[in-house]
Amino acid sequence: MKKFHLVWDENRYALGIPSLDSEHRSLMNLVNELSEAVAQDCDCEQARQKMEKILDFAAMHFAHEEDLMRRHGFPGAEQHTADHEKLLREATNLMETLSPEHSNRALLITAFFTDFTENHILHEDRAISQYLEKQGIRAD
Ligand SMILES: [Fe+2]
Ligand SMILES: [Fe+2]
């Protein structure tokens, strides 16, 4: 079975904002834990618990980013917040389709989390750190 695995690479993922970088590392670890469990054919309940853990952590992390964007007047804050909300909504909807009869759903959802985590950090989140840097703001 295909296994998704995210590897933290400082040069690729680090935004230079220590609290966000550390949360992104934790998020990747949680997604990898899910991937590991799904690759070992875990049952639906286990997969669901791991997904809920990811979503809880992501909601906390998103709130942190949204607060940072607002405090510093990041122009793309509204769109970025909408992207976060969309992810939480889509992931929750996907989770509802998990059932023992459709074991491939878990793999699909894992792919979704993996892809989002990587691309969102590389593009959307990087835009925040680039903006702060341009403004000469040092966020920690
Ligand atoms: Fe993020
Ligand atoms: Fe974000």
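Residues numbered from 1 in each chain as written. Chains lettered and ligands numbered in written order. Predicted model: local features only at pLDDT ≥ 70, side-chain atom pairs only at ≥ 80, totals over all residues.

A. Highlighting the overall build of the protein chain. In terms of helices and strands, the protein chain carries five helices and zero strands. Going from N to C terminus, the protein chain has its helices and strands arranged as α-α-α-α-α. The C-alpha radius of gyration of the protein chain comes to 16 Å, within 12% of the 14 Å expected for a compact globule of 140 residues. Projected onto the principal axes, the alpha-carbon positions of the protein chain cover approximately 50 × 25 × 20 Å. The burial tally for the protein chain puts 22% of its 140 residues in the buried class. (Helix = DSSP H or I, 4+ residues; strand = E, 2+ residues; numbered from the N terminus. Rg over C-alpha atoms; globule rule 2.2 N^0.38 Å. Buried ≥ 20, exposed ≤ 12 C-beta atoms within 10 Å, placed from the backbone.)

B. Region of the structure containing unusual backbone geometry. Not every positive phi belongs to a glycine, and aspartate 41 is a case in point at roughly 55°. Residue placement: aspartate 41 occurs in the loop between α2 (18-39) and α3 (44-71).

C. Structural view of the environment of threonine 92. Here threonine 92 lies in helix α4 (residues 77-96). Look at threonine 92 and you get exposed, because 12 C-beta atoms sit within 10 Å. Along the primary structure threonine 92 and phenylalanine 4 are separated by 88 residues, whereas in three dimensions their C-alpha atoms are 20 Å apart.

D. Inspection of α3 at higher detail. When the terminal C-alpha atoms of α3 are compared, their 40 Å separation across 28 residues agrees well with the 40 Å that a helix rising 1.5 Å per residue should span. Restricting attention to buried positions, one finds in α3 the residues Ala47, Lys50, Met51, Ile54, Ala58, Glu65 and Met69. Buried residues along α3 sit in contact with α2, α4 and α5 (104-134). Among the residues trailing α3, glycine 73 stands out with phi positive, at a value near 65°. (Expected span 1.5 Å × (residues − 1). Contact = placed C-beta atoms within 7 Å.)

E. Inspection of the nonpolar core at higher detail. By size, the foremost hydrophobic cluster in this structure holds 14 residues, and its most contacted members are Val31, Leu34 and Ile54. Contributions of two or more residues to this core are made by α2, α3 and α5. Per-element accounting of this core gives the leading share, six residues, to α2. Ignoring anything within four residues of it in the chain, the contact list for leucine 34 reads Ala47, Lys50, Met51, Ile54, Thr110 and Phe113. (Core = buried A, V, L, I, M, F, W, Y, C linked by C-beta atoms within 7 Å.)

F. Quick look at the packing of α3 against α5. Between α3 and α5, the least distance of the axes is 12 Å, while the angle of their chain directions is 15°. Considering their axes alone, α3 and α5 lie roughly parallel with respect to each other. Considering how the two elements wind past one another, α3 and α5 form a crossing that is left-handed. Along the contact surface, α3 presents Ala47, Met51, Ile54, Glu65, Leu68 and Met69, while α5 presents Ala106, Ile109, Phe113, Asp125 and Ile128. Considering only residue class, the contact of α3 with α5 consists of nine nonpolar, no polar and two charged. (Axes fitted to C-alpha atoms, helices over the stretch in contact; angles between N-to-C directions. Parallel < 35°, antiparallel > 145°, perpendicular 65-115°, else oblique. Left-handed = near helix turned anticlockwise from the far one by under 90°. Nonpolar A, V, L, I, M, F, W, Y, C, P; charged D, E, K, R; others polar.)

G. Focus on the packing of α3 against α4. Across the interface, α3 lies against α4 with an axial gap of 10 Å and an inter-helix angle of 170°. Relative to α4, α3 is oriented roughly antiparallel. Residues Arg48, Met51, Leu55, Ala58, Ala59, Phe62, Glu66, Met69 and Arg70 of α3 pack against Ala77, His80, Thr81, His84, Leu88, Ala91, Thr92 and Met95 of α4. Broken down by class, the residue content of the contact of α3 with α4 amounts to 10 nonpolar, four polar and three charged.

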